[in-house]
Every structure is written in C-alpha cells, then in structure tokens.
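Coordinate inspection notes
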Amino acid sequence: MMQPRIAKMYVNAIAASAQEFVDRIKVLQDRKGEMPEDFLNELHKWSLESIAKVALDVRLGCLDENSHPDTQRLIDAVNTFFIKVPVLELKIPFWKILNTPTFTKYINALETIREICTKYIQKSLNSAPKSNKDDEISILQRLLLLENDPKIATILALDMFLVGIDTTSNAAASILYQLAIHPEKQQILKDELKIILPEKSTPITRENLERMTYLKACIKETMRMYPVVIGNGRQTTNDCIIGGYHIPKGVQVIFQHYVISNQEEYFPKSKEFLPERWIKSSPCFKEHHPFASLPFGFGKRMCLGRRFADLELQTLLAKVIRNYTLEYHYQKLDYFIHPMYTPNGPLRIRFIEQDL
Ligand code: HEM
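Just so you know, these numbers come straight off a predicted model, no measurement behind them.

**Looking at helix α7 (residues 150–163)**
- With 14 residues, α7 ought to run about 20 Å at 1.5 Å a step, and its terminal C-alpha atoms sit 20 Å apart, in line with that.
- Of all the residues in α7, the buried ones are Ala-153, Thr-154, Leu-156, Ala-157, Met-160, Phe-161 and Leu-162.
- Against α3 (39–56), α4 (69–90), α5 (101–126) and α6 (139–147) lie the buried residues of α7.
- Two or three places before Lys-151, at the start of α7, stands the capping residue Asp-149, its side-chain oxygen 3.0 Å from that residue's backbone nitrogen.

Rendered as structure tokens:
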C-alpha cells in the first residue's frame, strides 16, 4: 500500500468518486452558490465512497440523492469513534470500572462500524477473483491473493474504513477553505490546471497528475500549517537520547507535527500560506529539515493510506478547481481540534462555475 505504483492503479476509481462529488455541487448549492452548513458531511461521503472503491471495489452510492442509510450510519459512527477515543485514552479511565456513557457510545460506534463494514467486506470476499491481472482489483482481493488469509484481509479493510474517512475529508475541507481565502493562489492553481486539463472534462490520468506541481504544493502547504492529525506518539522500547534529553524505556513520546511545522526556524514566513515554498524552481523554495512537516507520521507505523489519501486529494482538487472558482464571504474561521484539526464553523464556500 505504500508504493506509489499501487495507489496509482486506482486513479480511475478515485476519479469516479471525485466526479460524483463535482456533479453533486450543483445539487448542494443555495441561491448564492454557497454550500450548506453540513458541507463537511458531503466530503465525508466522498471519502467514504473513494475508500470503498479502493478497499473493496464496491460502489456505495454515498453521493446519490437517495443513498443507503448505512452510509450515513457509518459516517456518524466513525465520527463518534474519533471524538470518544481521546476522551477515553487521555482522561481518568472511569470506563475501566464502570460502563460510562462515553464508553458505551464508543463501543456502540465500533459495533456499527464492524457490522456495516463486514457486510460489504463479506460480499467482496465472496466475489474475489482468482488472478490479479486486473490492475484495479480491490486492496482486499489483492491481499487475499498474496496472503490467502481472509481474516487479515478483513482487518485491513476494516482499518481502512475506520481511519480513511474523516482524515481525508477533513484535509479536503481545509485545503478547499485555504484556496477560497487565498484567491491569488487559487488563480495560479487554476492556470496550471487549464494547461494540464485543457477541457473541464479532460480525464485525470497518472501522467497528468505527475505534472500538477502547484496542486501538490497547495496540499503540502495546507498540511504543513493545518495538519489534520496534529501529532503522533510512540512508546520508547529502550532508554534513548532525543535532542539531548534522556528518555527512559517505556515513556510515551509525542511528536507534535503542528508545533514543529509552524515554526519560523523550519519554515520562514511560517504563518503565510505559501505553496511556492514546496516548488524547487521557485525563489521561495528552501530545503527544509526532513522531519519538519510529517502530516502522515514517520517510520514503520506511518500512515498506511498516505498514497491513497494523496491521490484522493489531488484528484478531487484538480476536478473542483478546474470546474469551479471558490470564494468565501464570511469572517475567517479559527481552527480547532475536533478531533481532526479543522476550520471551526460551517464551510459556506461559494462555488462559481467556470465557463471554459
Ligand atoms: C489526509 C489524510 C490522512 C492523514 C493526514 C493521515 C495521517 C495519519 C497519521 C499521522 C498516522 C499515524 C502515523 C504514525 O504514527 O507515524 C496514520 C496512521 C494510519 N493511517 Fe492515515 N492518514 C490519512 C488517511 C488515511 C487513509 C485514506 C487510510 C486508509 C486507506 C489511512 C490508513 C492509516 C492506517 C491503517 C494507519 C495505522 C498505521 C499503523 O499503525 O501501522 N490513513 N495516518
């Protein structure tokens, strides 16, 4: 899953979900062309649709007008799971003694996720093909062919649903918001896209994604300033020295992406949204410390879905910005941790259709 080559096999499937999202914009717009208050939920639907295609090769129809109630139940359950985890893990663990309401909601959410996902996973397992000649066979089926162990394949697919929805959709929300409030950067992106995708309907391919340098820079810059996962942790397995501090074995060490990637020391003009800083040919470019911005973590436990998340974000952004101009006409939103790091407030972004 970490090989770019593998993720790129799913370009068509991922682009199909992005197209469904773009088609849905017209349905969602109010008279001013703005998105509804629950726009983030629409992005959850898009990321769920994408991950279902990649993990299981099923079309859930999340973005259809009459989507199956399972899809919203799944989105809500994943949301509940993420909100409850920090409460249960970081506060006094009363749940170890009695069933607190938070713990009950958490378990119920996990049960809903298990129930809905296993239903679709089972269907997909039953239809597993015998060969992987077909580039776009699902991750579940690919793993099954490699390991021949339905249990491992099922667990991986479950994990993909658990952590592959809110992360990507919140990242997408943040990127769209940043472009809406930085029209000059959006214009540069638009100019790039018009060259690579001459028609609004030009298909997204592996080759044209390669050329979208500014688009990738916009994603990296948003993730630098507003990493959706603000940090990750490790427990030391040996005594070690980190930055001159002696850390005994067994201590929890938190790596704070958010703090580090917003420091002047590592990124000059760190408070400015400057996608150019990621482009080698730009005067703003400066080699940065390789650990200074790690929105997907690092090492053996780094994000397993990184390549898919990147591909999903690139495809969505390319389609949206090639088809629409984004504007935002309200007070700037603060960011908050809920539990992803995202803009706090309804994303009433205005979508204006592009003529050509
Ligand atoms: C923009 C979207 C995403 C972000 C920012 C993100 C970020 C992260 C981070 C920071 C970690 C912890 C890494 C570490 O401890 O070093 C992680 C773990 C993980 N992510 Fe993602 N993720 C995203 C999307 C996805 C998607 C789409 C999938 C599934 C297809 C996924 C699957 C996983 C899995 C399975 C792990 C656990 C890996 C392990 O513990 O070995 N993620 N992610």
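**Examining the site of the ligand**
- Close to the ligand lie 22 residues, the nearest being Asn-232, Arg-234, Phe-298, Arg-301 and Cys-303.
- Between Arg-234 and the ligand, the recorded distance is 2.7 Å, taken from a side-chain N or O atom to an oxygen atom.
- Breaking the shell around the ligand down by element, the ones donating at least two residues are α7, α8 (166–181) and β1 (232–235).
- It is α8 that provides the largest number of residues to the shell around the ligand, a total of three residues.
- Class assignment for the residues of the shell around the ligand results in 14 nonpolar, six polar and two charged.

**Points about the side chain of Arg-277**
- Looking at the element boundaries, Arg-277 is found in the loop between α12 (257–261) and α13 (306–323).
- Under the relative-accessibility criterion, Arg-277 is labelled buried at 7%.
- Of the polar contacts made by the side chain of Arg-277, one reaches the backbone oxygen of Pro-268; its length is 2.7 Å.
- A distance of 2.9 Å separates a polar side-chain atom of Arg-277 from the backbone oxygen of Lys-269.

**Looking at the coordination of the iron atom of the ligand**
- Just one protein ligand coordinates the iron atom of the ligand, and it is Cys-303 (SG) at 2.3 Å.
- Turning to its location among the elements, Cys-303 is positioned in the loop between α12 and α13.

**Focus: the packing of α3 against α4**
- Viewed as axis vectors pointing N to C, α3 and α4 meet at an angle of 105°, and their least axial separation amounts to 10 Å. What the angle tells us is that α3 and α4 run roughly perpendicular. In this structure, α3 uses Asn-41, His-44, Lys-45 and Leu-48 to contact α4, whose residues at the interface are Thr-71, Gln-72, Leu-74, Ile-75 and Asn-79.
- Grouping the constituent residues of the contact of α3 with α4 by class yields three nonpolar, five polar and one charged.

**Details of the environment of His-288**
- By the secondary structure assignment, His-288 is in the loop between α12 and α13.
- Residue class for His-288 comes out partly exposed when judged on its relative accessible area of 24%.
- Separated by 22 residues in the primary sequence, His-288 and Tyr-266 have C-alpha atoms spaced 6.3 Å apart.
- Not counting residues up to four positions away in its chain, the partners in contact with His-288 are Tyr-266, Phe-267 and Trp-278.

**What to know about the UniProt feature "binding site: heme" (unreviewed entry) in the chain**
- Within this numbering scheme, the UniProt entry marks Cys-303 as carrying the feature "binding site: heme" (unreviewed entry).
- Judged by its relative accessible area of 30%, Cys-303 falls in the partly exposed class.
- In contact with Cys-303, other than residues within four places in its own chain, are Met-2 and Phe-296.

**Concerning unusual backbone geometry**
- Backbone torsion omega between His-338 and Pro-339 reads -20°, so that peptide bond is classified as cis.
- By the element assignment, Pro-339 lies in the loop between β6 (335–337) and β7 (341–343).
- Although it is not a glycine, Asp-57 sits at a positive phi angle of roughly 60°.
- Considering the arrangement of structural elements, one finds Asp-57 in the loop between α3 and α4.
- We classify Asp-57 as partly exposed; its relative accessible area is 47%.
- With phi around 55°, Lys-269 is a residue other than glycine that occupies positive phi space.
- Tracing the backbone shows Lys-269 in the loop between α12 and α13.

Quick notes on the rules
Residues numbered from 1 in each chain as written. Predicted model: local features only at pLDDT ≥ 70, side-chain atom pairs only at ≥ 80, totals over all residues. Heavy atoms only, no water. Helix = DSSP H or I, 4+ residues; strand = E, 2+ residues; numbered from the N terminus. Expected span 1.5 Å × (residues − 1). Buried < 20%, exposed > 50% of the residue type's maximum accessible area, 1.4 Å probe, protein only. Contact = heavy atoms within 4.5 Å. Polar contact = N/O pair within 3.5 Å; in protein donor to acceptor, adjacent residues only side chain to side chain. Near = heavy atom within 4 Å. Nonpolar A, V, L, I, M, F, W, Y, C, P; charged D, E, K, R; others polar. Donors = N, O, S within 2.8 Å, 3.2 Å for Na, K, Ca; no water. Axes fitted to C-alpha atoms, helices over the stretch in contact; angles between N-to-C directions. Parallel < 35°, antiparallel > 145°, perpendicular 65-115°, else oblique. UniProt positions renumbered as here; feature names shortened; annotations may be inferred.

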